[in-house]
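Report on the structure
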Amino acid sequence: MANRQTGTKPNAKIAQIDAARVPHDGNVMTTDQGAVIANDQEVQRAGSRGPALLQDFVFREKLTHFDHERIPERIVHARGTGAHGVFTAYEDMSKLTKAAFLSAKGKETPVFVRFSTVAGFRGSPDTVRDVRGFAVKFYTEEGNYDIVGNNMPVFFVQDAIKFPDLIHALKPEPNNEIPQAQSAHDTFWDFVSSNHECAHNMMWLMSDRAIPKSYRTMDGFGIHTFKFVNAKGEYKFVKLHWKSKQGVRSLIWDEAQKIAGKDPDFNRRDLWESIENGNYPEWELGVQILDPNDEFKFDFDILDCTKLWPEEIIPVTPIGKLTLNRNVTNFFAETEQVAFCPANLVPGIELSNDPMLQGRLFSYLDTQLSRLGGPNFHELPINKPVAAVNNNQRDGIHRMSVDEGVSAYFRNALQHGQPHVAVKESALGESVSEVNGCVIRDRANSFLDFYTQPSMFYNSMSDYEKGHIVDALRFELGKCKNMNVRQAAVDLLARIDGSLAREVAAGCGATTQAAADFKASKARSCALSMANQPPCVKGEKVAVLIADGFDKKCFDAVCGALTAAGADIKVIAPRQGGIKAKSGENEDSAETFATASSVLFDAVFVPCGCAETLSGIYAAREFVAEAYRHCKPVGACGDAEKLLADAFRAVVSTDAECCEDKGVLTLADCAGIGKFAEKFVALVGAGRHFERDQTRLLTGNK
Ligand code: HDE
């Protein structure tokens, strides 16, 4: 086993998990005690039509185990999915932190990541409007280090004692357990409008960040302020960021709602399939670094987790790369049993006095005791450190290690003082910091500006992002039955932005007298908008619609170019199986218009030769029309232009040259297919054309 002296081997965790695998192929079936079984299909009974016998222990063992298959789901973040990967350090960071996994350029550390939603139960759909969890466990040579973060850089409340109230308000209402996985109900908005510290996270929740297209296309944030401490005991305050190398992309709300029905596992499936296809998602770990001398230089408190540090003031320095490259073998054993905890730190990374962070340190261990049934959950393969574990903790339910020796205490002479303690300099959390003050149950005044940063967030959005926020709020408040709750929420919005409050009020029957009274902050931070993401074709899902008679050359040219650029292509046709090209070859269609839907794809391409058939199928027309409404790139060659014209009810160009109009690319004559393919790949990479958004509630269907 790797230890503190030799360092973690990059695949050490995988080896550990592999050691726990139980291959069932070729093995005879046994009871849990290892006795072989000849029949597990019929219960023993008295006569072939007689009553079952209590003595059938094979039956009773099977049913007893089944009855206890579930463990309590997580109270929050119940719905999630996980994957293994590797973290690679970019540079030796020892000037900043003595953490060994950041001590050398190219150093690799195995990791496990779990992405999640917060509000929904374990079986809820993936694409609900919600915060996403982004929890990373590093199996370092110095012990497990967890960054238990979210996909938004701020949190709702400032003090841990308020967390149960927030979650009670967010979760389904207690009388009827409605609604599932939604913030669009009275208790949530009552809480937000009665606790204005929620305003900033609420704005993020109403933005497109709350409906990520994929786990691969969202950023992650440690949220709290931590300390990086070097070997000399010098420290800096840091905030941690995961920046998606795939770019940050979101769904449109109309799309998200439809996907919840068409494919409730949309985000889970996307991550699973991209890893299976060898398209490994990557994130850069970045740090914002703040000298302790600058702690009080800002108009916000750096210990307040409802505030972010604008990247224009404190830039993000990339320090390493996370790559997810292996799916789990068994969801329950790994993803369901993984236990994260913000207190899982390594030497060189320490806590700040953020009151939320301090409260979390207690909660996670406590929750594992009831979820995983006792204090030995760290011995489960997914939680077990690759670093050696030596201490005098003993016994407890489901203890797996068999501890040797007679002494289970320190100091001891009988075992020559073993296990011995480490020298202070190399150990966990030993940097010295001064604390003084009166015991008090109160909040610092520096925490009490609840509006500047939410205004900054709204000011920084592009026009279409602002529109989405207005629509989200109209939806959410529109779902609240109580008029006082709606009015109180609009009054809160008035403190953030007067025009936002007015637009929302106009849709939900509230008034906006309050809007005139507040002077909202004009601050901006460009980094907050998702509008200017770099293009990315890799992993984009393109639906290719065909029917008998399609042109194989045209099909091959475009699909070939897309595949070469890393896009993920799926052929959809009126029936599954072989679809006959005009030239006689067969192309297999993976899906039909009954099983696939445009909302599950990023772009649509229709080769020439099959428009007549496709135009006659409602679902095919609707496929293209919906992709258009959702602003996705659409490409059509030759007669396929007819399908677009039928679907959009608009005249499209019949120019023989490649012609692009707001992300719709057409080509009358297939002779120019090479240039068309090149242009279409670029369009797919560039993503949506929001200028043709027709799903806006206020301006829709123009
Ligand atoms: Fe959590 N949180 N949380 N949380 N949290 C849990 O731990 C809690 C908070 C976050 O994929 C629970 O193992 C308290 C902030 C993630 O397994 C529980 C407070 C942030 C996950 C818990 C917070 C998070 C959890 C439920 C207020 C972002 C999922 C099951 C002090 C920085 C981890 C579990 C996974 C899970 C408590 C606030 C992120 C109940 C008391 C702030 C990503 O212990």
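About the thresholds
- Along each chain, residues carry numbers from 1 onward, in the same order as the chain's sequence is written.
- Reporting of local features is limited, given that this is a predicted model, to residues whose pLDDT is at least 70; pairs of side-chain atoms are given and counted only at 80 or more, and all residues count toward the totals for whole chains, interfaces and linings.
- In computing side-chain values, all of the structure's heavy atoms are included and hydrogens and water are not.
- To qualify as a helix, a DSSP run of H or I must reach at least 4 residues; to qualify as a strand, a run of E must reach at least 2; elements of each kind are numbered from the N terminus.
- Relative accessibility under 20% of the residue-type maximum defines a buried residue, over 50% an exposed one, and the middle range a partly exposed one, all with a 1.4 Å probe and only protein chains included.
- Fitted lines through C-alpha atoms serve as axes, helices being fitted only where they are in contact, and the angles separating the N-to-C directions of these axes extend from 0 to 180 degrees.
- An angle below 35 degrees is read as roughly parallel, one above 145 as roughly antiparallel, one from 65 to 115 as roughly perpendicular, and any other as oblique.
- Handedness of a crossing is defined here by the sense of rotation of the near helix relative to the far one, left-handed for an anticlockwise turn of less than a right angle and right-handed for a clockwise turn.
- The contact definition used throughout considers only heavy atoms, calling two residues in contact when any of these lie within 4.5 Å.
- Ten residue types, Ala, Val, Leu, Ile, Met, Phe, Trp, Tyr, Cys and Pro, are classed as nonpolar, four, Asp, Glu, Lys and Arg, as charged, and the remainder, Gly among them, as polar.
- Each residue is tested against the molecule or strand, and it is near if at least one of its non-hydrogen atoms lies within 4 Å.
- Between N or O atoms, a polar contact is any pair within 3.5 Å; within protein, one atom must be a potential hydrogen donor and the other a potential acceptor, and residues adjacent in sequence are included only when both atoms are from side chains.

Backbone torsion omega between Ile178 and Pro179 reads 0°, so that peptide bond is classified as cis. Mapping Pro179 onto the fold places it in the loop between α3 (163-170) and α4 (186-194). A cis amide bond, omega -5°, links Gln418 with the succeeding residue Pro419. Here Pro419 lies in the loop between α9 (355-371) and α10 (452-459). Non-glycine residue Ile223 carries a positive phi angle of around 65°. Mapped onto the elements of the fold, Ile223 is located in the loop between β5 (220-221) and β6 (226-229). Relative accessible area serves as the criterion here: at 6%, Ile223 is assigned to the buried category. A positive phi angle, close to 60°, is found at His398, a residue other than glycine. Considering the arrangement of structural elements, one finds His398 in the loop between α9 and α10.

So, about the packing of helix α12 (residues 483-496) against helix α13 (residues 498-508). In the contact formed by α12 and α13, the axes pass within 7 Å of each other and the chain directions differ by 160°. Relative to α13, the element α12 lies roughly antiparallel. By crossing handedness, the relation of α12 to α13 is classed as right-handed. Along its contact with α12, which presents Met483, Arg486, Val490, Leu493 and Ala494, the element α13 presents Gly498, Leu500, Ala501, Val504, Ala505 and Cys508. Classifying every residue of the contact of α12 with α13 by side-chain character gives nine nonpolar, one polar and one charged.

Our next topic: the site of the ligand. Every one of the 22 residues lining the ligand counts as a neighbour, but Arg74, Arg114, Arg360, Tyr364 and Gln368 are closest to it. The contact in question runs from an oxygen atom of the ligand to an N or O atom on the side chain of Arg114, over 2.6 Å. Within the side chain of Gln368, a nitrogen or oxygen atom sits 2.9 Å from an oxygen atom of the ligand. Where the shell around the ligand is concerned, the elements lending two or more residues are β3 (132-140), β4 (143-150) and α9. The element contributing the most residues to the shell around the ligand is α9, with six residues.

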